Amino acid sequence: MADPIKVGRTQVGIVGAGPAGLILAHLLHLEGIDSVVLEMRTRKYIEERVRAGVLEQGTVELLADMGVGDRLKREGLVHHGVEFRFNGQGHHIDFQALVGRSITIYAQQEVVKDLVAARLASGAPIVFEAADVTVHELTSKSPKIRYRKDGVEHELVCDFIAGCDGFHGVCRASIEKSLTMYERTYPFAWLGILAQAPPSSHELIYANHELGFALLSMRSPEISRLYIQCDPDEDIANWPDARIWEQLHLRFATRDGKWKLTEGPVIQKNIAEMRSFVADPMQYGRLFLAGDAAHIVPPTGAKGLNLAATDARVLARALANFYSSGNTDLMDRYSQICLRRCWKVQHFSWWMTSMLHRIPGESAFDRQRQLAELDYVTSSRAASTALAEHYTGLPFTI
Ligand code: FAS
Ligand code: PHB
């Protein structure tokens, strides 16, 4: 005799404990709306997963307003600009002077740690190692999530489900027949390292070099985060540390030879694919997609996490309106609101990627045009203001 399915009930079932799911869960908690977060991995895994590093000013303000920004305020590195480096010369883009806004460097896993701690402190449920999650009856008034935990089958009866389970999750996969999907893949990838080396610059450096793109970022005054463009099918085994450092030195080299890159022990390395992806609409019945479950941007614009945060903010507002007044206007317009921002961010991420990477097979004309575009963006107040507005985060609008 099979064990009986354990049935639970909540207002909002949230699949996925990444930035989208955790921000949504805490915003709902602050509104007094019950939710259950179901995460397939362990707490340790999600709190150690190395991903994004740049928070828009709006995301920093959101996390502070949610009451989860204290450590971010203490440990985050506020940056007022970035450097574009090409033809062996650096060009500072001054966010503060251009748009009066900034970014903060604070690793995604630290955001996740802060949000998980807030979730646990609230006493609201978060289930780690939830296996074989599936979603059902999405067009009914009681959509359901089924999962297994410690060998026990569970069914969670919800009013609404938030699919925050990332690009490879089950939620979007469950409704793909009803979606239009837009995709662009890029003929290159990023090889990223974390190194125990003090950052060689006080701000991020985006370099477009003959050998390819390189990015200098950081995680703390002791930890550097560095990336180089590589072929999309590269095997990380073919990239010993020495080869990575050699490419970084070459790609960041300045014409006067004065700028130096500090090396250190490599503590993590991986290759991340580059793609643009959008699912339209971002909802089906009572299932709402948020974050990477709905869209992917190439990391050049440092937007993935930030877009996830704004989706969660819109969805939380829509659900709060429903529960407080029965008004479904925001819920009905959720996808339209989020996709309007998403497509602007898609354009910006594509623009940064196409401007800064060596495009395989590009013509000599394309290469000169690309360098002229970099020259224009770094010398025109109008063009650099547009870049600064996007990079520090478009205004949040509903
Ligand atoms: P996430 O993928 O973060 O979270 C989804 C969660 O759902 C995960 O915890 C997953 O375990 C869980 N899940 C998946 N399937 C499930 C299931 N069936 N059941 C239950 N749980 C399930 N963005 C930047 O801005 N800058 C970067 O440098 C950058 N680097 C990246 C590198 C990599 C390798 C990847 C994959 C992404 C990177 N991103 C970067 C983008 C990234 O930061 C995302 O935009 C961000 O994590 C989006 O957050 P979520 O939408 O919450 O999705
Ligand atoms: C990072 O610090 O990981 C980072 C910074 C800027 C980007 C992408 C990644 O555009």
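What you are looking at is a predicted structure, and each value in this text was computed from that prediction instead of being measured.

Calculation notes
- All chains use their own residue numbering, which begins from 1 and follows the written sequence.
- Here every chain gets a letter starting at A, and every ligand a number starting at 1, in the order they are written.
- Local features in this predicted model are restricted to residues whose pLDDT is 70 or higher, and side-chain atom pairs enter the listing and the counts only when it is 80 or higher, whereas totals over whole chains, interfaces and linings include all residues.
- The basis for every side-chain value is the complete set of heavy atoms in the structure, and neither hydrogens nor water enter the calculation.
- Strand pairing is assigned whenever DSSP detects at least two bridges linking the two strands.
- Each helix corresponds to a stretch of at least 4 residues labelled H or I by DSSP, and each strand to a stretch of at least 2 residues labelled E; elements are numbered beginning at the N terminus.
- In this analysis, axes come from line fits to C-alpha atoms, helices being fitted only over the stretch in contact, and the angle between any two N-to-C directions falls in the range 0 to 180 degrees.
- Should any heavy atoms of two residues lie within 4.5 Å, those residues are counted as being in contact.
- Any pair of nitrogen or oxygen atoms within 3.5 Å is treated as a polar contact; in protein, a donor-acceptor pairing is required on top of that, and neighbouring residues in sequence qualify only through side-chain atoms on both sides.
- Roughly parallel means an angle under 35 degrees; roughly antiparallel, over 145; roughly perpendicular, 65 to 115; everything else is oblique.
- Left-handed describes a crossing whose near helix is turned anticlockwise from the far helix through less than a right angle; right-handed describes the clockwise counterpart.
- When residue character is reported, Ala, Val, Leu, Ile, Met, Phe, Trp, Tyr, Cys and Pro are called nonpolar, Asp, Glu, Lys and Arg charged, and the others, Gly included, polar.
- Being near a molecule or strand, for a residue, comes down to having at least one heavy atom within 4 Å of it.
- Exposure was quantified through the Shrake-Rupley algorithm and a 1.4 Å probe, taking into account, for residues, occlusion by the shown protein chains and nothing else.
- Note on classification: 1.4 Å probe, protein chains only; a residue is buried when its accessible area is under 20% of the maximum for its type, exposed when over 50%, partly exposed between these limits.
- As used in this record, nonpolar core signifies buried Ala, Val, Leu, Ile, Met, Phe, Trp, Tyr and Cys residues forming a set joined through side-chain atoms within 4.5 Å.

## Some thoughts on the sheet that holds strand E7 (residues 89-94)
Logical step 1: With respect to topology, 7 strands assemble into an open sheet ordered E7-E6-E16-E17-E18-E15-E19, the strand pairing being mixed. If you trace the sheet from one side to the other, it starts and ends with E7 and strand E19 (266-272), each paired once. Adjacent strand axes in the sheet meet at a mean angle of 15°, parallel and antiparallel pairs treated alike.
Logical step 2: Sheet topology places strand E6 (residues 81-86) next to strand E16 (residues 205-209); 4 bridges connect them, and they run parallel. Paired with Phe84 across the strands is Tyr206, a residue of E16.
Logical step 3: Packing against the sheet, helix H11 (residues 334-356) makes contact with E6, E16 and strand E17 (212-218), and its axis sits at approximately 50° to E16.
Logical step 4: Contacts from helix H12 (residues 364-379) reach E6, E7 and E16, with the element oriented near 150° to E6.

## Side note on the side chain of Gln229
Logical step 1: Mapped onto the fold, Gln229 is located in strand E18 (residues 224-230).
Logical step 2: For Gln229, the side chain forms a polar contact with the main-chain oxygen of Arg358, separated by 2.8 Å.
Logical step 3: Beyond its immediate chain neighbours, meaning those up to four positions away, Gln229 contacts Phe188, Ala189, Gly212, Phe213, Arg251, His357 and Arg358.

## Some thoughts on the pairing of strand E11 (residues 144-149)
Logical step 1: Here strand E10 (residues 131-136) runs beside E11; their pairing, made up of 4 bridges, is antiparallel. Paired with His136 across the strands is Lys144, a residue of E11.
Logical step 2: Hairpin connection of E11 to strand E12 (residues 152-157): 2 residues between the antiparallel strands, including Asp150 at a positive phi of 55°.

## Here's the deal with the packing of helix H1 (residues 19-30) against helix H9 (residues 304-325)
Helix-helix packing is characterised by the crossing angle of the two axes and by the distance between the axes.
Logical step 1: In contact at an axis separation of 8 Å, H1 and H9 are set at 30° when each is read in the N-to-C sense. One way to sum up the angle between H1 and H9 is to call them roughly parallel. Helix-helix and strand crossings are classified by hand; for H1 and H9 the assignment is right-handed. Along its contact with H1, which presents Pro19, Ala20, Ile23, Leu24, Leu27 and Leu28, the element H9 presents Leu305, Ala308, Ala309, Ala312, Arg313, Leu315, Ala316 and Leu319.
Logical step 2: Of the residues that constitute the contact of H1 with H9, the class distribution is 13 nonpolar, no polar and 1 charged.

## Digging into the site of ligand 2
Logical step 1: The immediate surroundings of ligand 2 are formed by 15 residues, with Tyr206, Ser217, Arg219, Tyr227 and Pro299 found nearest.
Logical step 2: Within the contact set of ligand 2, an oxygen atom lies 2.6 Å away from a side-chain nitrogen or oxygen of Ser217.
Logical step 3: Note that an oxygen atom of ligand 2 is positioned 2.8 Å from one of the backbone N or O atoms of Pro299.
Logical step 4: In isolation ligand 2 exposes 280 Å². Once the protein is present, 97% of that is buried.
Logical step 5: Of all the secondary structure elements, the ones that give two or more residues to the shell around ligand 2 are E17 and E18.
Logical step 6: For the shell around ligand 2, the per-class residue count stands at 9 nonpolar, 3 polar and 3 charged.

## Here's the deal with the pairing of E6
Logical step 1: Of all 6 residues that make up E6, 6 are buried, and the element is covered over most of its length.
Logical step 2: Because side chains alternate across E6, one face comprises the buried residues Gly81, Glu83 and Arg85, and the other comprises Val82, Phe84 and Phe86, equally buried.
Logical step 3: Relative to E7, E6 is paired through 6 bridges, and the arrangement is antiparallel. By the bridge assignment, Phe86 is partnered in E7 with Gln89.

## Regarding the side chain of Ser276
Logical step 1: As for its position among the elements, Ser276 is in strand E20 (residues 275-280).
Logical step 2: Using a relative accessible area of 7% as the deciding quantity, one classes Ser276 as buried.
Logical step 3: When residues no more than four places from it in sequence are discounted, the contact partners of Ser276 are Tyr182, Glu183, Arg184, Tyr186, Ile296, Pro298 and Gln346.

## Digging into the sheet that holds strand E14 (residues 180-185)
Logical step 1: Spatially, the 3 strands line up as an open sheet ordered E14-E20-E23, and their pairing is antiparallel. Each edge of the open sheet carries a strand with a single partner, namely E14 and strand E23 (295-296).
Logical step 2: Contacting E14, E20 and E23, H11 runs over the sheet at an angle of about 165° to E20.

## Observations regarding the packing of H11 against H12
Logical step 1: Contact geometry for H11 and H12: axes closest at 9 Å, N-to-C directions at 120°. By the angle between their directions, the pair H11 and H12 is classed as oblique. Packed against H11, whose contacting residues are Trp351, Ser354, Met355 and Leu356, the element H12 presents Gln370, Glu373, Leu374 and Val377 at the interface.

## Looking at the nonpolar core
Logical step 1: Ile14, Ile23, Leu24, Leu63 and Ile145 are the most contacted members of the largest nonpolar core, which has 79 residues in total.
Logical step 2: With 11 residues, H9 is the single largest residue contributor to this core.
Logical step 3: Sequence-distant contacts of Ile23, defined by excluding residues within four places in its chain, comprise Leu62, Leu63, Met66, Leu115, Ala309 and Ala312.
Logical step 4: Ile105, Ala189, Leu261 and Trp351 belong to the second-largest nonpolar core, a separate cluster that totals 51 residues.

## A short note on the environment of Phe128
Logical step 1: Counting through the fold element by element, Phe128 comes out in the loop between strand E9 (126-127) and E10.
Logical step 2: In sequence terms Phe128 and Arg9 are 119 residues apart; their C-alpha atoms lie 18 Å from each other.

## Description of the site of ligand 1
Logical step 1: Near ligand 1 you find 30 residues, and of these Glu39, Arg49, Arg51, Gln108 and Asp292 are the closest.
Logical step 2: Interatomic distance of 2.9 Å between a backbone N/O atom of Ala20 and an oxygen atom of ligand 1.
Logical step 3: Leu305 places a polar main-chain atom, nitrogen or oxygen, 3.3 Å from an oxygen atom of ligand 1.
Logical step 4: Contributing elements (two or more residues each) for the shell around ligand 1: H1 and H9.
Logical step 5: At 3 residues, H9 tops the list of elements feeding residues into the shell around ligand 1.

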